[in-house]
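# Topology and contacts: notes
Below, each chain spelled out in residue letters.
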Amino acid sequence: MRIITHTCTECGTIVSANEIESNRVMKCPGLGCENVLKFEELPAEEQQHFLENKDQYEI
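Each chain carries its own residue numbering, running from 1 in the direction its sequence is written. Totals for whole chains, interfaces and linings use every residue, but because this is a predicted model, local features are given only for residues with pLDDT of at least 70 and side-chain atom pairs only at 80 or more, for both listing and counting. Derived side-chain values reflect all non-hydrogen atoms in the structure, with water molecules and hydrogen atoms excluded from consideration.

## Some thoughts on the confidence of the model for the protein
Applied cut-off: pLDDT expresses, on a scale from 0 to 100, how confident the predictor is about each individual residue. Runs of H or I in DSSP of at least four residues are treated as helices and runs of E of at least two as strands, each being numbered from the N terminus.
Scored by pLDDT, the protein comes out at a mean of 88, with 98% of its residues at no less than 70. For the protein, helix α1 (residues 17–23) is the element with the lowest average pLDDT, namely 80, and strand β4 (residues 36–38) is the one with the highest, namely 93.

Now the structure itself:
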């Protein structure tokens, strides 16, 4: 299993890929940040790896 994360470009908050993928689009959870994070912003190789191994990332 790899740890796949995305960093908000506005505030620097780090969000896990499984949080973004579950909604595909989500508001950044950073305090006071209104930036929108999208699963498609992850590099294509990381998206593919996550989707092919999704069962490993379930909590």
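Having seen the structure, we can now continue with the description.
## Things to note about the environment of Arg24
To keep things clear, this is the line we draw: Any residue under 20% of the maximum accessible area for its type is buried, any over 50% is exposed, and the rest in between are partly exposed; the area is computed with a 1.4 Å probe on protein chains only. It only takes one pair of heavy atoms within 4.5 Å for two residues to be counted as in contact.
Note that Arg24 resides in the loop between α1 and β3 (25–27). Using a relative accessible area of 39% as the deciding quantity, one classes Arg24 as partly exposed. The spacing of Arg24 and Lys38 is 14 residues in sequence and 5.6 Å in space, taken between C-alpha atoms. Look past the residues within four positions of Arg24 in its chain and what remains in contact with it is Leu37, Lys38, Phe39 and Leu51.

## Comments concerning helix α2 (residues 44–52)
Because each turn of an α-helix spans 3.6 residues, side chains separated by three or four positions end up pointing in the same direction. To keep things clear, this is the line we draw: Each direction from the helix axis to a C-beta atom contributes to the arc, which is the arc of those directions.
Of all the positions in α2, only Gln47, His49 and Phe50 are classed as buried. Looking straight down α2, one finds its buried side chains confined to an arc of 165 degrees; they lie on one side. In α2, the exposed residues that point more than 90 degrees away from the buried face are Ala44 and Glu52. On the buried face of α2, the contacting elements are α1.

## Examining the nonpolar core
Just so we agree on the cut-off: Buried Ala, Val, Leu, Ile, Met, Phe, Trp, Tyr and Cys residues form a nonpolar core when they are joined through side-chain atoms within 4.5 Å.
Core analysis: the biggest nonpolar cluster contains 13 residues, and Ile4, Ile20, Leu37 and Phe50 have the highest contact counts within it. If near-sequence neighbours (up to four positions away) are discounted, Phe50 is found in contact with Ile4, Ala17, Asn18, Glu21, Phe39 and Tyr57.

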